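Architecture and fold: a report
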Amino acid sequence: MKIKDPGVIFMAIQGSSPFGAILFGYLSDRTLFIRPFIIIQTLLAGFFTMGVALVPEGCHYKPEVMLVLWGGYGFFIGGILPLMSVSYLQSGLKSDRFGRIRLFGTLGFMVVNLILIPMVVPRKHLILLAGILFIVSIIPTFFLPAGRTIRNAERKRISPEYLLYLIKNPAFLLFLMVMFLFYFQFTPAEYIISEYIDAFSFDSLLALGHIETIPAIWFLGTMLEIGFFWISPWLIEKLGIYPVIMMTFFFGIIRYASLSIFPLGFFVVVMQIIHGVHFSPAYLGSIFYLEKNISPYRLATAQAVQLVISRGLGAGLGIFFLGNLAGMGGFRLVFLISMLASALGLILVFLLQRVTFRYPFKDIKI
């Protein structure tokens, strides 16, 4: 983005998105509507994205303008994924098949990167196109359920007292710590790794014409993710939620160890292939954890609270500190810190199942 200290901009995205999730999650829990809120968020996220692409290079206040635009984008994009998850989980379809629906998002990401591998396109043009595609994607949202189908559940009002209860409950608190560590250690894989690997060139190895490094590594990163989402119903049934979440931290340790130990080269780049199983298990496991333990009428709000701590605080602090550390050339130290955070997360997941059994919170009535 050609801006000094880009970690501030990335933190604005991560910091604003949970508050959008809180607002629209609360509104959905109050009204049980889904589709209208997704349409509003998608439209405005598209406008803010196009705004980023249209900021002139010579703008005197470019950092401040970018901060506002990316923050606005983060605010409206933040509530879309939680509401889409709730829309499926409370649609009357089998919840354990959620992963097979979610894989289509990864498939879309995969196709875009596949198209871009041989192309040299200015990034401003890509961002502008992304904003246009946001607005186009409103069309299929009209085929979503308008609201939420909830059966066999007592209507429970959302209140500040319930939110206070949630964040005081030891099980939910430990769950938040696990998700904080997940997003903290994942930020280098989401943001920083592209800058690190961009110095690598496939052209010197393969006589197949020009290959854009960034789309190529993200194409690799989607392959196992699609496979994981496809077999996720079987994994959840056979292993359970907690071992699935552990997979994230296990592969995080392997990934960051390789980045810390080995010099940048073909092996390190190919390790990008485990990106999908570094991200997907915790993402999917956290959704099922909340669905299992939270009242259906409070699910969107609980997901939003989790996002405030995990993506807002965990990813926000991660990209601010680790992003600026990488900006000073400290990539190896960034990967080492992330590996240690992955190891700590793995330990905490071992404790989560016992603590959740001891301090259940699904049927609390306030």
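Up top is the structure.
This text gives an overview of the structure that appears in the document. Not measured: the values here are computed from a predicted model. (Residues numbered from 1 in each chain as written. Predicted model: local features only at pLDDT ≥ 70, side-chain atom pairs only at ≥ 80, totals over all residues. Heavy atoms only, no water.)

As for the overall build of the protein
Test applied: Per the convention used, a helix needs a DSSP run of H or I reaching at least four residues, while a strand needs a run of E reaching at least two, with both numbered from the N terminus. Each residue gets one of three labels from its accessible area relative to the maximum for its type: buried under 20%, exposed over 50%, partly exposed in between, using a 1.4 Å probe on protein chains only. In what follows, a contact means two residues having at least one pair of non-hydrogen atoms within 4.5 Å. Only the protein chains shown count as cover for residues, with accessible areas throughout obtained via the Shrake-Rupley method and a probe of 1.4 Å.
Summing up its helical and strand segments, the protein has 15 helices and zero strands in all. Looking at the protein residue by residue over its 366 residues, the buried ones come to 53%. Restricting to contacts in the protein with at least 6 residues of sequence separation, those with at least 24 account for 86%. Per element, the accessible surface of the protein, about 17100 Å² overall, is 73% carbon and sulfur.

Notes on the nonpolar core
Basically, it comes down to this: Nine residue types can take part in a nonpolar core, namely buried Ala, Val, Leu, Ile, Met, Phe, Trp, Tyr and Cys, and a core is a set of them joined through side-chain atoms within 4.5 Å.
F98, F175, F182, I192, F228, F249 and Y289 are the most contacted members of the largest nonpolar core, which has 96 residues in total. Take this core: its biggest share by element is 18 residues, from helix α9 (residues 170–197). Discounting residues that sit within four places of it in the chain, F175 has contacts with S286, Y289, L290, Q306 and L352.

Some points on the packing of aromatic side chains
To keep things clear, this is the line we draw: Only Phe, Tyr and Trp rings are paired, with Trp represented by its six-membered ring, and only when their centres lie within 6.5 Å; those with planes under 30 degrees apart are stacked, over 60 edge-to-face, the remainder tilted. Put simply, a charge is over a ring when the Lys NZ or the Arg CZ is close to the ring centre, within 6 Å, and near the line of the ring normal, within 35 degrees.
With the rule as written, the count across this model stands at 22 aromatic pairs. Aromatic pair F182 and F186: ring centres 5.6 Å apart, planes at 25°, arrangement stacked. Linking F182 with F186, this pair stays in helix α9, spanning four residues, or about one helical turn. When its relative accessible area of 4% is taken as the criterion, F186 is described as buried. An aromatic cluster of at least three residues, connected via ring pairs, comprises F182, Y183, F186, F228, F229, F279 and Y283. One cation-aromatic arrangement involves R100 over W230; the distance from NZ or CZ to the ring centre is 4.2 Å.

A word on helix α14 (residues 299–327)
Under the convention used in this document: In this scheme, the bend at a residue equals the angle between the axes fitted to the seven residues that finish there and the seven that begin there.
For α14, the principal kink sits at L307 and spans about 35°. Burial runs high along α14: 21 of the 29 residues are buried. Immediately beyond the C-terminal end of α14, within one or two residues, lies G329, with a positive phi of roughly 90°.

Digging into a nonpolar patch on the surface
To keep things clear, this is the line we draw: Patches here are clusters of residues that have more than 30% relative accessible area and form no salt bridge, with a 9 Å joining cutoff for like charges and a 5 Å cutoff for nonpolar side chains (Val, Leu, Ile, Met, Phe, Trp, Tyr). Here, a salt bridge means any side-chain nitrogen of Lys or Arg that lies within 4 Å of a carboxyl oxygen of Asp or Glu.
Side chains of L129, I132, L133, V136, I139, F142 and F143 sit close together on the surface and give an oily, nonpolar patch of about 740 Å² of accessible area. The element that contributes the greatest number of residues to the nonpolar patch is helix α6 (residues 123–136), accounting for four residues.

Regarding the environment of G79
Counting through the fold element by element, G79 comes out in the loop between α3 (62–78) and α4 (80–89). Separated by 56 residues in the primary sequence, G79 and L23 place their C-alpha atoms 7.9 Å from one another. Here G79 is in contact with S17, G20, A21 and Q41, once residues within four sequence places are set aside.

Some details on the environment of L67
With respect to the helices and strands, the residue L67 is situated in helix α3. Remark: the alpha-carbon pair of L67 and V52, spanning 15 residues in sequence, is separated by 9.5 Å.

Focus: the side chain of S85
Examined against the element boundaries, S85 turns out to sit in helix α4. The contact partners of S85, leaving out residues within four places of it in the chain, are F98, Y283, I287 and Q303.

Details of α3
Stated formally: Each helix should span, by expectation, one fewer than its residue count multiplied by 1.5 Å.
Its 17 residues give α3 an end-to-end C-alpha distance of 23 Å, which sits within 8% of 24 Å, the value for a rise of 1.5 Å per residue. Listed as buried for α3 are K62, M66, L69, W70, G71, G72, Y73, G74, F76 and G78.

A closer look at the packing of α9 against helix α10 (residues 213–239)
The condition that has to hold: To define axes, lines are fitted to C-alpha atoms, for helices over the stretch in contact only, and angles between the resulting N-to-C directions are given on a 0 to 180 degree scale. In these notes the angle categories are as follows: under 35 degrees is roughly parallel, over 145 is roughly antiparallel, 65 to 115 is roughly perpendicular, and the rest is oblique. Definitions for this section: a left-handed crossing has its near helix turned counterclockwise from the far helix by less than a right angle. A right-handed crossing has that turn clockwise.
Close contact between α9 and α10 brings their axes to 10 Å; oriented N to C, the two are set at 135°. The angle between α9 and α10 places the two elements in the oblique class. Of the two possible hands of crossing, α9 and α10 adopt the one that is right-handed. Touching A189, E190, I193, S194 and I197 of α9 are T213, I214, I217 and W218, all from α10.

Some points on the packing of α3 against α4
Put simply, the rule is: Under the grouping applied here, Gly and all other residues not named as nonpolar or charged are polar, the nonpolar ones being Ala, Val, Leu, Ile, Met, Phe, Trp, Tyr, Cys and Pro and the charged ones Asp, Glu, Lys and Arg.
Running from N to C, α3 and α4 cross one another at 10°; their axes reach a closest spacing of 5 Å. Of the possible angle classes, the one that applies to α3 and α4 is roughly parallel. Facing α3, whose interface residues are F76, I77 and G78, α4 presents I80, L81 and P82. Split by residue class, the contact of α3 with α4 holds five nonpolar, one polar and no charged.

Observations concerning the environment of V244
Within the secondary structure, V244 sits in helix α11 (residues 241–261). In this structure V244 comes out as buried when scored by relative accessible area, which is 1%. Along the chain, V244 and G285 lie 41 residues apart, while their C-alpha atoms are 6.4 Å from each other. What V244 contacts, discounting residues up to four positions off in sequence, is F228, L235, I236, L239 and P281.

Concerning unusual backbone geometry
Where the residue is not glycine, phi is negative for most of them; where a peptide bond is considered, it is trans in most cases. A positive phi is found at L32, a non-glycine position, where the angle reads about 65°. Mapping L32 onto the fold places it in the loop between α1 (6–31) and α2 (35–54). In this structure L32 comes out as buried when scored by relative accessible area, which is 16%.

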